[in-house]
Structures are given as C-alpha cells and as structure tokens.
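Each chain, written out:
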Amino acid sequence: VELLRVYPPWSYSLELTNQTGPLLLGLSSESNDDDFSEWKQLPKHKDEEQVQLDVNRAFIYYPHNLSAVEMDQRKHELSDLIAQVLRTYPFLCYFQGYHDICQVFLLVLGRMHSPAVVSRLSVLRIRDFMLPTLGPTTAQLRLLPDILGKADPELRRHVASIEPFYALAGTLTMYAHNIEAYHDIARLFDILLAREPIFSIYMFAQ
C-alpha cells in the first residue's frame, strides 16, 4: 500500500538518463553494439512482418520537426533494433506496443547503446509479456483487484466482475503507449527501472 503514494517527479535531467538507464538494468554505461550487422545473419523472426506494420506508425508524438528523410531513418533504426533483439532471443514473442517501449530507449540512448539495454529489459523485466500465451501477463493483471481492495474497497467492489484487461495497454508498454510527452515518458522509465517490475501494476492502481 505504501507504493500507492504519488511520487514527485525526479529532479535530474534527461542527460543523466543516458547513464542511468543501462546501470539500472545491471549493465555498464559503456555497453554498446559494436557490430551493427552480425545479427542480420540470424534467421528471421516470425513476428517481423507485424513489427514493420507497427514501426510504420511509430514516432507520432515525438520527436518533433523531423524531415521526411530523418523520420525514415528513425523508423529504419527502430525496425533494426526490434529485429535484432527478436533474432537474438527467438523465444521472445513480439507484442503490439513493444515498439513504443523501444522507441523511447532508441531516442534516449541512441542506436549504439539501445540494443543491449532493450535486450536485457526484454529478457529480465518484461519477459512475461513476450511469451507465447497471455497466461503470465494475466496473472500480473489479476493482482490489481487485491491492491485496489486495500486502497479503495468501494472501487474494488465496483470492478469486481471485470477482468483487469483495462490495465493491459498501460502496464504492457510501461505507459509508453499512453504518455504523449517525451520528457515525461523518459523520466517515468527511469522510475520504473529503479523499482521492482511489479511497480507498474501498483502505479496503475494509483
């Protein structure tokens, strides 16, 4: 219940996020992808066609004022980032909204540093969302009624008969699908990475 308190915005700047992102995931701040082409020799992942469809709809809210050429370059980098992670870890399954997460890391960390960070995030923190079935995801979402029951019993009774899929888009994408301001989502990512993975469920309850 203590986690249901509203946390004030952290005071550090986005420049610091470039260093803390890898460290919060247990990586060196110098972690990077020195070879941009080796992963391309790996077998194509079964979900890459869906990846491309979603990448085509990426970067809607940020960054601003990109030329058509610059936007195409961003989308190419995002497509490569996602394909690299999926080909390296073929047991992972792509879900719609994963590209929203990846574009934040790509913008904050750049093409060189984002693959290592996104890979570690995918394997260790959001793996339950990237398995072949929704079972592990649903198990997390079903914690919501009990959390609400502690914080607001009346609200808990109101939603008692509803499966908590209303929280799916937010928690699945670390809120990158919901928050439209780059500064806000980048700061929120630092908070989510600094806490236990289940913190996003508590945050949704709040």
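Our structure's up above, just so we're on the same page.
Residues numbered from 1 in each chain as written. Predicted model: local features only at pLDDT ≥ 70, side-chain atom pairs only at ≥ 80, totals over all residues. Heavy atoms only, no water.

A few points about helix α9 (residues 182-194)
We count it as follows: Secondary structure follows DSSP: runs of H or I at least 4 residues long count as helices, runs of E at least 2 residues long count as strands, and numbering of each begins at the N terminus. Helix span, as expected, comes to 1.5 Å for every residue beyond the first. Relative accessible area decides the class of each residue, using a 1.4 Å probe on protein chains only: under 20% of the type maximum gives buried, over 50% gives exposed, and in between gives partly exposed.
Between its first and last C-alpha atoms α9 spans 19 Å; for 13 residues at 1.5 Å apiece the expected length is 18 Å, and the two agree. Of the positions making up α9, those classed as buried are Ile-185, Ala-186, Leu-188, Phe-189, Asp-190, Ile-191, Leu-192 and Leu-193.

A short note on the packing of aromatic side chains
Put simply, the test is: By convention, a stacked pair of Phe, Tyr or Trp rings (six-membered ring in the case of Trp) has centres within 6.5 Å and planes under 30 degrees apart, an edge-to-face pair has planes over 60 apart, and any other such pair is tilted.
Enumeration according to the criterion identifies 6 aromatic pairs in this entry. Each ring, one from Tyr-89 and one from Phe-91, has its centre 6.2 Å from the other, and the planes form 80°; the classification is edge-to-face. Relative accessible area serves as the criterion here: at 43%, Phe-91 is assigned to the partly exposed category. A centroid spacing of 5.2 Å and a plane angle of 45° characterise the contact between Phe-105 and Phe-189, whose relative ring orientation is tilted.

Quick notes on the nonpolar core
Rules: Only buried Ala, Val, Leu, Ile, Met, Phe, Trp, Tyr and Cys residues count toward a nonpolar core, and they belong to the same one when joined by side-chain atoms within 4.5 Å. Note on contacts: a residue pair is in contact if any heavy atoms of the two residues lie within 4.5 Å.
Ranked by size, the top nonpolar core spans 42 residues in total, and within it Ile-82, Tyr-98 and Phe-105 carry the most contacts. Counting residues per element, the ones that place at least two in this core are α2 (48-55), α3 (68-88), α4 (98-124) and α9. If you tally residues by element for this core, the top one is α4, at 13 residues. In contact with Tyr-98, not counting residues within four places along its chain, are Ile-82, Val-85, Val-118, Ser-122, Ile-126 and Met-130. Counting residues in hydrophobic clusters, the runner-up holds 8 residues, among them Leu-141, Ile-147, Val-159 and Ile-201.

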